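# Summary of structural features
The residues making up each chain are set out below.
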Amino acid sequence: IRVENLRKTYKMGDNLVKAVDGVNLDVFEGEYLIIMGPSGSGKSTLMHLMGCLDRPDSGELYIGNVAVSKLSDAQLAKIRNKMIGFVFQQFNLLPRLTAIENVELPMIYAQVPRAIRRKRAKELLKMVGLSERMSHKPTQLSGGQMQRVAIARALANDPQIILADEPTGNLDTKSGEEILKIFSDLHSQGLTIVVVTHDPEVAEQGDRIINMRDGKIVSQEVRASVGNA
Ligand code: ADP
Ligand code: ADP
């Protein structure tokens, strides 16, 4: 992921909030990047821009060699669905669907045939330790279990990038540690992982920590060097 001078401003009444204010950043292939900073510093907005969930006011974003601003909304949705998996603090599962149906959803959008998508969803739920919970609805699951379903869903279309916004923010210590272990395993398998967090223990896993303030990156700490962009 290459971020070039990205800007995103929100209007709040008469005020303009520069949520992301000229950010430059290369996320390397296979890197585990942590984004920290005070509440309101622009972390979520930056992550939404990197994940093509939102478009910047100016600047450019590259996913691989693709310049995102040149893409139509439909092309953008396709890249997002194929290349990027999202994990959110509130899990964002669909409450009416079972665990396995939630995991299948991104594959339905990608028009994966039913039998293949069932099989893959089962494998993914097994991988996150939820074989026994596949037919449960989200309300029948604990927070940690819901987050594991969300991770399985994020992996459904075999993305190269996982973007996670406070993934352990609503979890007890033990469940949080289980989620971190899964991220660490995915990182070992070569996925690029970007995690927004307030928690220093979460940050400890990262190859690099960047700190944001007022929409800007103000510092970074490299913990382990990773290959090329
Ligand atoms: P963080 O994730 O670091 O808490 P955010 O990216 O959520 O920061 O927010 C950065 C700033 O942009 C904050 O001042 C926030 O209130 C504002 N902001 C974020 N999203 C919106 C939005 N959709 N509409 C208006 N203001 C927003
Ligand atoms: P976080 O805890 O990750 O900073 P927030 O609770 O700040 O998340 O924001 C959650 C969602 O609400 C985000 O999608 C963000 O863009 C949006 N948001 C944040 N601040 C505002 C705001 N002032 N007005 C409207 N939407 C906002």
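No experiment lies behind these values; they were computed from the predicted model shown.

Here we come to the site of ligand 1. In the vicinity of ligand 1, the contacting residues are Y10, M12, V17, A19, P38, S39, G40, S41, G42, K43, S44 and T45. G40 is positioned such that a nitrogen or oxygen atom in its backbone is 2.7 Å from an oxygen atom of ligand 1. The backbone of S44 places a nitrogen or oxygen atom 2.8 Å from an oxygen atom of ligand 1. With the chains in place, 64% of the 550 Å² that ligand 1 exposes on its own is no longer accessible. Those elements giving two or more residues to the shell around ligand 1 turn out to be β1 (2-12), β2 (15-26) and α1 (43-50). No other element matches α1, which puts three residues into the shell around ligand 1. In terms of residue class, the shell around ligand 1 is made up of five nonpolar, six polar and one charged.

So, on to the site of ligand 2. Surveying the vicinity of ligand 2 reveals the residues M12, S44, H48 and D165. D165 is positioned such that a nitrogen or oxygen atom in its side chain is 3.4 Å from an oxygen atom of ligand 2. For ligand 2, whose accessible area on its own is 550 Å², the fraction buried by protein is 33%. Considered class by class, the residues forming the shell around ligand 2 number one nonpolar, two polar and one charged.

Okay, the nonpolar core next. Counting 40 residues, the largest nonpolar core has L125, I151 and F183 as the members making the most contacts within it. For this core, the secondary structure elements donating two or more residues are β3 (32-36), α3 (99-109), α4 (114-127), α5 (143-154), β7 (161-165), α6 (173-188), β8 (192-196) and α7 (200-203). At six residues, α5 tops the list of elements feeding residues into this core. If near-sequence neighbours (up to four positions away) are discounted, L125 is found in contact with A99, I100, V103, L130, S131, M134, V149 and A152. I1, V23, L46 and M50 belong to the second largest nonpolar core, which has 29 residues in total.

Enumeration according to the criterion identifies 14 salt bridges in this entry. Put simply, R2 and D26 hold a salt bridge, and the shortest N to O gap is 2.7 Å. Here the residue R2 occupies a position in strand β1, and D26 occupies one in strand β2, the gap between them amounting to 24 residues. Residues participating in the shared-partner salt-bridge network are R7, D21 and K216.

What follows concerns the pairing of strand β10 (residues 216-222). Sheet analysis places strand β9 (residues 208-213) next to β10, joined by six bridges and oriented antiparallel. The residue of β10 that forms the bridge with R208 is V222. Linking β9 to β10, which pair antiparallel, is a turn of two residues; within it D214 sits at a positive phi near 50 degrees.

On to the environment of D57, then. Mapped onto the elements of the fold, D57 is located in the loop between α1 and β4 (58-63). Expressed as a C-alpha distance, the spacing of D57 and G37, which sit 20 residues apart in the sequence, is 22 Å. Here T9 takes part through its backbone nitrogen, which lies 2.6 Å from a polar atom of the side chain of D57.

Parameters at a glance
- Residues numbered from 1 in each chain as written.
- Chains lettered and ligands numbered in written order.
- Predicted model: local features only at pLDDT ≥ 70, side-chain atom pairs only at ≥ 80, totals over all residues.
- Heavy atoms only, no water.
- Near = heavy atom within 4 Å.
- Polar contact = N/O pair within 3.5 Å; in protein donor to acceptor, adjacent residues only side chain to side chain.
- Areas by Shrake-Rupley, 256 points an atom, 1.4 Å probe, with all protein chains shown as cover.
- Helix = DSSP H or I, 4+ residues; strand = E, 2+ residues; numbered from the N terminus.
- Nonpolar A, V, L, I, M, F, W, Y, C, P; charged D, E, K, R; others polar.
- Core = buried A, V, L, I, M, F, W, Y, C linked by side-chain atoms within 4.5 Å.
- Buried < 20%, exposed > 50% of the residue type's maximum accessible area, 1.4 Å probe, protein only.
- Contact = heavy atoms within 4.5 Å.
- Salt bridge = Lys/Arg side-chain N within 4 Å of Asp/Glu carboxyl O.
- Pairing = 2+ DSSP bridges.

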